[in-house]
Amino acid sequence: MGKTRNLIRKATSAFLAVALLVFVPLLVSAGGLDVDIPYIKPVKHTLRFAHGLPPGSPYDKGAHRFAELVRQYSRGEMVVKIFPSSQLGKEQTAAKMVQLGTLDISLQAVNNSTMWYKPLDVYIMPFIFRDRAHVNNVLFGPVGQKLEREFIKASKMRVISWFEWGDRSIFNNKKPINKPSDLNGVKIRVPKNRVMVDTYNLLGATATAIDWGELYSALQMGLADGLEGPPQGMIDMKFNDFLDYYSYINVFYGLANVVINEKMYQGLSREHQEVIIRAGAEAGNYQRWLSTVSHIEGLSKLAKLGVKVNKVEDRQAFVNRVKPVWDKYRKKLGNELFDSIVNTK
């Protein structure tokens, strides 16, 4: 009887050992480590997408929405990895990498794209857009589509989405700005773009061109008294730590374009090209809406952070002051281009 029990015990142990070998992998597999769902396809392309703002900013949220949509519409064949905060280089550096084919996708303010195609300067002209509906009708109408085609020829890059930086208002540590003369002697940081430099010099400020990556320390050291940008962007970059006055007037409407290397794009299948374009359009719509809403919330946040916020009431005084900038760049870029944007309904 005892021998029988021992044999049964040994047999049971052996059976359990075999069962563990056979069934545990099945359980692990069923637990999600090796599940085959035919709808989700193996990864074919991994794309790197670089931008210059912090995680959680409207830029970053738009970039992540693009990545999600690309993965969804390609059913997993395309994966986009996001690199925020200038991890792969400043905006112009990253765009040059895309042009050379060493980076897949980058996002930059439109004023940083004009180095390849000067007519894009028209998008950063002061007060050229009436409102965001006007912006959309220009970007996605005949004028914008022509500029995009010419940009491909000039840069070997393709615009796949339009994001916004937003209403570039005045943030400084000297005083509230209500009229152009309030800017007299105030050192305002602007990007290295002649339209923007000319504009702030005409408004009476001392326009100081400083790279974005050097701006925080430049403000700390007093090399500039302030800068221009949208409210949420100022909070994201923590400029409210040492700037006191935010005056809301959209001297420039800040567009940003997402670009992909054209040769790389043409190397994709037609199906994957359509995925990129569809995801870019939808992510752009999402990001621009998100950024627009952030202006309202951002103004309130700035006030709660102790910043003195004012809305410039006499906008026309600023418009009148920068008329010579329009005259100068109409000659450079052509009346036809300016008129086509101004006359877009």
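A brief look at the structure comes next. Everything quoted here is computed from the prediction, not taken from an experiment. (Residues numbered from 1 in each chain as written. Predicted model: local features only at pLDDT ≥ 70, side-chain atom pairs only at ≥ 80, totals over all residues. Heavy atoms only, no water.)

**Digging into unusual backbone geometry**
The backbone phi angle of S85 is positive, close to 55°, even though this residue is not glycine. Mapping S85 onto the fold places it in the loop between β2 (78-83) and α3 (91-100). With phi around 55°, S86 is a residue other than glycine that occupies positive phi space. Inspection of the secondary structure assignment puts S86 in the loop between β2 and α3. (Helix = DSSP H or I, 4+ residues; strand = E, 2+ residues; numbered from the N terminus.)

**Points about the packing of helix α2 (residues 58-73) against helix α10 (residues 270-304)**
Between two packed helices, the angle of one axis relative to the other and the distance separating the axes together describe the packing. Remark: α2 packs on α10, axes separated minimally by 8 Å, with the N-to-C direction vectors making an angle of 150°. On the basis of their axis angle, the class for α2 and α10 is roughly antiparallel. In this structure, α2 crosses over α10, and the sense of that crossing is right-handed. Only V275, I276, R278, A279, G280, E282, A283, Y286, Q287, L290, S291 and S294 of α10 make contact with α2, whose side of the interface consists of P58, Y59, K61, G62, R65, F66, L69, V70 and Y73. For the contact of α2 with α10, the residue count by class is twelve nonpolar, five polar and four charged. (Axes fitted to C-alpha atoms, helices over the stretch in contact; angles between N-to-C directions. Parallel < 35°, antiparallel > 145°, perpendicular 65-115°, else oblique. Left-handed = near helix turned anticlockwise from the far one by under 90°. Contact = heavy atoms within 4.5 Å. Nonpolar A, V, L, I, M, F, W, Y, C, P; charged D, E, K, R; others polar.)

**Examining the nonpolar core**
Core analysis: the largest hydrophobic core is formed by 53 residues, its most contacted members being V122, Y123, M125, F129, L183, Y200 and L255. Per element, the largest residue contribution to this core is six residues, and it comes from strand β8 (residues 245-261). If we skip the residues at most four places from it in the chain, F129 touches Y123, H134, V135, V138, Y253, L255, R315 and I341. If you look at the next biggest cluster of nonpolar residues, it comprises 44 residues, including L53, F66, V258 and V307. (Core = buried A, V, L, I, M, F, W, Y, C linked by side-chain atoms within 4.5 Å. Buried < 20%, exposed > 50% of the residue type's maximum accessible area, 1.4 Å probe, protein only.)

**Observations regarding the packing of aromatic side chains**
Per the counting criterion, the structure on display carries twelve aromatic pairs. Residues Y123 and W162 carry aromatic rings whose centres are separated by 5.7 Å and whose planes lie at 90° to one another, so their mutual orientation is edge-to-face. Of the two residues, Y123 is situated in the loop between β3 (105-109) and α4 (132-139) and W162 in strand β4 (residues 157-172); the sequence distance between them amounts to 39 residues. Across the pair, W162 and Y123 agree in class, each one buried. A network of ring pairs unites the aromatic residues Y59, W165, W212, Y216, F239 and F242 as a single cluster. Positioned above the aromatic ring of Y286 is the side chain of R65, whose terminal nitrogen or guanidinium carbon lies 3.7 Å from the ring centre. Sitting over the face of the ring of Y39, R75 holds its NZ or CZ atom 4.1 Å from the ring centroid. (Phe/Tyr/Trp six-rings, centres within 6.5 Å; stacked < 30°, edge-to-face > 60°. Lys NZ or Arg CZ within 6 Å of the ring centre and 35° of its normal.)

Function-wise, these values are silent; they only describe arrangement.
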